[in-house]
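Next come the chains, spelled out residue by residue.
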Amino acid sequence: DIVRANKFVHEATGAPVEGIDVPVVGGHAGATILPLFSQVPACWYMTAEQIVALDKHVQDAGTDVVNAKGGKGSATLSMAYAGAKFGNAVLYGLADEETTECAYIMRDAAEGAPLPYLASKVTFGKTGVVKAHCIENLSEYEQGRFEECLSQLKGEINAGVQYAQTTSLAL
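Here the structure is a predicted model, which means the values were calculated and not measured. (Residues numbered from 1 in each chain as written. Predicted model: local features only at pLDDT ≥ 70, side-chain atom pairs only at ≥ 80, totals over all residues. Heavy atoms only, no water.)

### A closer look at the packing of aromatic side chains
Turning to step 1, where the next piece is worked out: Per the counting criterion, the structure on display carries one aromatic pair.
Turning to step 2, where the next piece is worked out: Taken together, a centroid distance of 5.5 Å and an interplanar angle of 85° make the contact between phenylalanine 86 and phenylalanine 124 edge-to-face. Taken as a pair, phenylalanine 86 in helix H3 (residues 76-94) and phenylalanine 124 in strand S4 (residues 117-125) lie far apart in primary sequence, 38 residues in all.
Turning to step 3, where the next piece is worked out: What makes phenylalanine 124 buried here is its relative accessible area of 5%. (Phe/Tyr/Trp six-rings, centres within 6.5 Å; stacked < 30°, edge-to-face > 60°. Helix = DSSP H or I, 4+ residues; strand = E, 2+ residues; numbered from the N terminus. Buried < 20%, exposed > 50% of the residue type's maximum accessible area, 1.4 Å probe, protein only.)

### Quick look at the side chain of asparagine 6
Turning to step 1, where the next piece is worked out: For asparagine 6, the location among the structural elements is in helix H1 (residues 2-13).
Turning to step 2, where the next piece is worked out: If near-sequence neighbours (up to four positions away) are discounted, asparagine 6 is found in contact with Val17, Ile20, Asp21 and Val22. (Contact = heavy atoms within 4.5 Å.)

### Observations regarding the nonpolar core
One broad rule of soluble globular proteins: the nonpolar side chains tend to lie buried together.
Turning to step 1, where the next piece is worked out: Counting 18 residues, the largest nonpolar core has Val9, Val22, Phe37 and Cys43 as its most contacted members.
Turning to step 2, where the next piece is worked out: Mapped by element, the contributors of at least two residues to this core are H1 and helix H2 (48-68).
Turning to step 3, where the next piece is worked out: In this structure valine 9 touches Gly14, Ile20, Val22, Phe37, Ala42, Cys43 and Leu54, once residues within four positions along its chain are discounted.
Turning to step 4, where the next piece is worked out: Grouped together as the second largest cluster of nonpolar side chains are eleven residues, Val25, Leu34, Leu36 and Leu150 included. (Core = buried A, V, L, I, M, F, W, Y, C linked by side-chain atoms within 4.5 Å.)

### Here we look at the pairing of S4
Turning to step 1, where the next piece is worked out: Judged by how many residues are buried, S4 sits mostly within the fold: seven of nine residues are covered.
Turning to step 2, where the next piece is worked out: One ladder, built from eight bridges, connects strand S3 (residues 99-106) with S4; its direction is antiparallel. Along S4, the bridge assignment pairs tyrosine 104 with alanine 119.
Turning to step 3, where the next piece is worked out: Note: S4 against strand S5 (residues 128-132), four bridges, orientation antiparallel. Bridge pairing in S5 places valine 122 opposite alanine 132.
Turning to step 4, where the next piece is worked out: Hairpin connection between S4 and S5: a loop of two residues separates the two successive antiparallel strands. (Pairing = 2+ DSSP bridges.)

Right, dumping it as structure tokens:
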């Protein structure tokens, strides 16, 4: 989702894609995908309507690709690139060079996490996850979307946990 968000911001603003890093928090499906455009300087001059349209574009992009391929595939190159970026962040961290990327991880309620699993910026270091960053400094629009995202994710997480507790997986 980050790769797409960065590309879409580049297309909308003309800013160099290398200088765009849109944090995407929440989850990875539809309304649970929340790009934080307010934290990207290239987006600071976009209208509210442009931000809403860009947000929707990021949410629907995966489905758009599947539909464009007639249901016979997905955005494999975007996923491969995103996987490589994530892998590099983890490996750099393990090599004692702390690196920050967004990741969907288990969260600690003691740290004020609103859900037990949530994507946010995560710093990777020598021991793995060094810090799960708080989700803060949201615009008014993003705050409303974050509440929507949390509501939907809560149900999805609960269903997943219930499934895991009641299903035996054969290895």
